[in-house]
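Structural overview
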Amino acid sequence: MFPSRVLRLLFLSCLSIPLHALDPPDPSQNSVTDYAPQTNVECPDFSTESLVRTWMPQNQTLHPREDDYINTRAQNVLPKAWKDWLGDGSRMGYDLSSLNATQWPKIGIALPGGGLRAAQYAAGALSGLDARNKTAKDAGTGGLLQVASYITGLSGGSWITGSLFFNDFPTLHNLVLGDGSTLDGWKLDLPFATPDGSNLFSDNNQYFYGSIIWSIMAKAQKGIDTSLTDPWARMISYHFLNQTTRANFFTNDSAHGAGQLWSNIPLIPSYQQYLTPFPIVVADSRPVGSNLTTALDLESTITPLEIASYDPSLSAGMNLTFAGTHLSNSKAENGSACVTGFDQAGFIMGSSASLFNQILDFAHNTIDGFSDNDANGLLYTLRRQLDEVRTRADDVANWPNPFSGIKLNTFQDANATWLELLDGASNSENVPYAPLFVRKRALDVIVTLESSADNNNFPNGSSPITTAKRLSTILQSSHQQFPPIPATPEDFISTGVNARATFFGCDPESTADYPMVIYLPNAPPINGDDPITNTATFQLTYTHKHTQLFLDAVQKLTIEGFTPNANTPDSNFGTCLQCAAFDRARMRLSPAPPRSDICTQCFKQYCYDRQNPPSRDELPNRSQTFKDPDPQGLTNFLDANKFKFVGGLVGLVILIGLLIAGSCWWKRRKDKKFYKRISETYQNEAFAIPIYPSNHSKSGSTVYEPIYEMPRHQGQL
């Protein structure tokens with residue numbers, strides 16, 4: 001017998017459900033059809049402005065507006081942010097009164113992938129580094145976020161990056177949990193793919209799917225091929241951008257972020273005031289037509305200004321505003337007609353998290369890893385999409401290739417019409433390090449909020465090890481090197497650096513050797529409690545209570561540090577974090593002051609020394625087993641109380657058995673003829689029990705036709 005999930009998927013794959021023909025919405029309204037790019041837009045004057053810029057790996061250039069943002073922020077904002085965080089330096093044992101704007105370190109923060117686990121971990125950790133959080137400020141860790149120049153996100157890390165900016169960089173708890181006023185928060189208790197529950201054909205789920213397909217049809221009707229990444233992108237928008245509330249989730253009273261563009265981040269007030277780090281999202285690029293599911297070489301980065309790759313094989317970037325335009329040799333193939341609006345924010349976040357090349361088996365209607373409900377919802381949406389519009393490379397994000405015709409000798413897709421972008425961890429680098437190691441950006445410190453799921457859904461160092469190898473080989477000419485780290489995942493685990501705050505690269509011969517990496521991994525609570533933050537990457541639903549407790553647990557982990565051979569926090573960790581963040585600037589002073597006593601003590605505890613490595617034995621009583629802090633449903637209730645019920649259940653079974661045995665003998669004699677007549681009736685009559693409202697096809701078979709196709713819209717249609 002087929003499993004029930006297989007039967008459901010076979011049923012869905014056979015459906016062919018036409019969308020009702022509806023008049024388009026009033027163009028002046030904010031509509032889900034705003035997901036469609038604008039075509040035939042006049043291009044810039046190619047004689048004075050090129051859409052593509054190129055450079056040599058050994059002679060890199062940054063986008064002029066990125067350079068301007070970083071320099072203006074360093075001159076006008078960061079000196080005060082550093083002073084607010086470090087004060088006069090006396091807490092670290094230094095006198096910082098004479099430092100000028102050019103002497104402060106340049107810092108980047110990396111937010112890895114891992115679905116909603118990664119997004120929530122990044123939120124909790126950033127909260128622990130946020131000067132606006134009194135608890136973090138008092139601990140001494142709050143302030144690092146404010147002095148960072150860059151922030152990079154990948155997959156789940158890109159979701160929080162986009163959410164932060166399109167909600168104007170609020171405090172993290174308000175971003176995730178809402179503020180009761182202007183911020184509605186992330187709705188993580190509503191599943192991504194089946195927000196109204198497991199019944200795909202409920203009214204609200206049909207409204208939801210209809211809205212998503214409507215958006216994608218609008219994009220496809222502009223002649224732009226779509227894929228599974230497009231409905232995925234729309235689902236991400238509903239949960240992380242700022243136009244969806246619980247009140248309008250299943251309606252089209254809002255565009256649900258359909259018209260919000262990544263290239264419009266510079267219009268956000270906090271960005272215009274230079275109050276935020278410069279955001280970068282990472283995706284990988286699969287050789288077009290290869291259908292590879294293995295590790296990939298080329299890495300793409302997307303900023304509010306351009307889509308680019310600093311990999312030596314490409315070393316080029318294109319103006320993001322005109323992404324979606326088919327170019328050849330940096331000129332629009334369609335004369336002076338360009339495309340704008342392709343860079344919808346959810347699509348950027350979805351491109352970074354497009355992992356379907358490894359888990360989608362469309363021939364068998366399965367998506368590995370996801371729950372049955374989420375997999376069914378995604379497959380159902382894709383089937384609807386395939387029925388309505390043209391698609392290509394269903395398992396990746398399809399981007400018109402802006403680099404066609406350039407770098408012919410080195411770029412893998414120089415002759416391709418499209419780029420196939422996919423999850424940024426597809427090259428086994430789950431931490432978006434590479435943009436922060438670009439030589440031209442010249443970072444001093446890289447803060448890693450590590451939330452990879454390697455062992456028991458905790459990290460084991462695989463990602464930094466992979467990055468270190470890539471930096472020392474194919475990126476050697478274009479990127480800084482990684483500081484010394486354990487050589488294998490087993491070494492990461494045996495030294496314990498995968499489970500506590502660690503500083504890598506504390507003592508280079510010069511600051512040019514490599515940046516310092518401050519490694520803050522997801523780890524079990526130091527007091528021995530069961531962990532609640534090592535959830536699965538494909539878990540796409542969290543209760544409100546679990547999210548609250550998740551954020552609190554990660555913030556606590558971030559500000560506590562650790563005490564060797566104990567289960568107590570380090571009261572000096574805030575000072576130690578300050579020492580690590582400032583140390584490269586100290587080294588560049590002339591003359592360089594010696595490392596202070598307190599910072600020397602901090603480095604002895606937190607720095608990784610390859611010659612004298614630490615031991616995991618210094619981290620006693622760390623539980624690895626996840627415990628759900630808010631179990632839901634009858635199964636979880638019974639699991640939690642199973643021992644209480646065993647005795648009563650055994651007694652109840654015995655009692656019921658005795659009652660049945662006695663009554664059966666009596667009823668068998670009394671009703672023998674009656675049961676015989678009922679049995680004959682059931683054998684001779686046919687019974688049909690429809691599961692859903694239905695009509696009949698010409699062949700007489702029952703066919704489901706949904707009552708609701710498109711979502712409600714308070715406005716003219």
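Right, let's walk through the structure included here.

Each value, and the rule that gives it
- Residues numbered from 1 in each chain as written.
- Predicted model: local features only at pLDDT ≥ 70, side-chain atom pairs only at ≥ 80, totals over all residues.
- Heavy atoms only, no water.
- Helix = DSSP H or I, 4+ residues; strand = E, 2+ residues; numbered from the N terminus.
- Buried < 20%, exposed > 50% of the residue type's maximum accessible area, 1.4 Å probe, protein only.
- Lys, Arg positive; Asp, Glu negative; His and termini not counted.
- Salt bridge = Lys/Arg side-chain N within 4 Å of Asp/Glu carboxyl O.
- Polar contact = N/O pair within 3.5 Å; in protein donor to acceptor, adjacent residues only side chain to side chain.
- Contact = heavy atoms within 4.5 Å.
- Pairing = 2+ DSSP bridges.
- Disulfide = S-S within 2.5 Å.

Let us look at the side chain of Arg-622. Tracing the sequence through the fold places Arg-622 in the loop between helix H20 (597–606) and helix H21 (633–640). Buried Arg-622, no salt bridge; nearest opposite-charge side chain is Glu-560, N-O distance 8.1 Å. There is a polar contact of 3.5 Å between the side chain of Arg-622 and the backbone oxygen of Ile-526. Within the local environment of Arg-622, its side chain forms a polar contact with the backbone oxygen of Pro-620, the two atoms lying 2.8 Å apart. Non-local contacts of Arg-622, meaning those with residues more than four positions away in its chain, are made with Pro-524, Pro-525, Ile-526, Phe-562, Ala-566 and Asn-567.

Consecutive side chains along a regular strand alternate between the two faces of the sheet. Within strand E5 (residues 278–286), nine of the nine residues are buried, which leaves it mostly tucked inside the rest of the structure. Covered by surrounding structure in E5 are Phe-278, Ile-280, Val-282, Asp-284 and Arg-286 together with Pro-279, Val-281, Ala-283 and Ser-285, the residues of both alternating faces. Pairing of strand E4 (residues 150–154) with E5 involves five bridges; the strand directions are parallel. Pairing of Ile-151 across the sheet is with Pro-279, part of E5. As paired strands, E5 and strand E6 (residues 299–302) are joined by four bridges and run antiparallel to one another. Bridge pairing in E6 places Val-281 opposite Ile-302. Pairing between E5 and strand E15 (residues 418–422): three bridges, direction antiparallel. Bridging across to E15, Asp-284 finds its partner in Leu-422.

Once that is clear, we can look at the pattern of salt bridges. Applying the stated criterion to the full structure yields 16 salt bridges. A salt bridge links Lys-80 to Asp-84; its shortest N-O distance comes to 2.9 Å. With Lys-80 and Asp-84 both in helix H3 (residues 78–86) and four residues apart, the pair spans about one turn of that helix. Residue Asp-84 is classed as partly exposed on the basis of its relative accessible area of 43%. Residue Glu-420 is joined to Arg-286 by a salt bridge in which the shortest nitrogen-to-oxygen separation is 2.9 Å. Within this pair, whereas Glu-420 is found in strand E15, its partner Arg-286 is found in strand E5, the two being separated by 134 residues in sequence. Arg-286 carries the same exposure label as Glu-420, and that label is buried. Each of Asp-507, Asp-583, Arg-586 and Arg-595 takes part in a single network of salt bridges with overlapping partners.

Glancing now at the state of the cysteines. Under the defined criterion, the tally for this structure stands at four disulfides. Disulfide partner of Cys-576: Cys-602, at an S-S distance of 2.0 Å. Residues Cys-576 and Cys-602 share a disulfide whose torsion about the S-S bond is about -75°; that sign makes it left-handed. Here Cys-576 is found in helix H19 (residues 573–588), whereas its partner Cys-602 is found in helix H20, with 26 residues between them in sequence. Of the two residues, Cys-576 and Cys-602, neither departs from the other in class, the shared state being buried. The disulfide that involves Cys-579 links it to Cys-599, with 2.0 Å between the sulfurs. Judged by the sign of its S-S torsion, about -75°, the bond between Cys-579 and Cys-599 is left-handed. Residue Cys-579 is located in helix H19, and its partner Cys-599 is located in helix H20; the two are separated by 20 residues in the primary sequence. Both residues of the pair, Cys-579 and Cys-599, count as buried. Assigning the bonded cysteines of the chain consecutive numbers by sequence position, one obtains the connectivity 1-2, 3-8, 4-7, 5-6.

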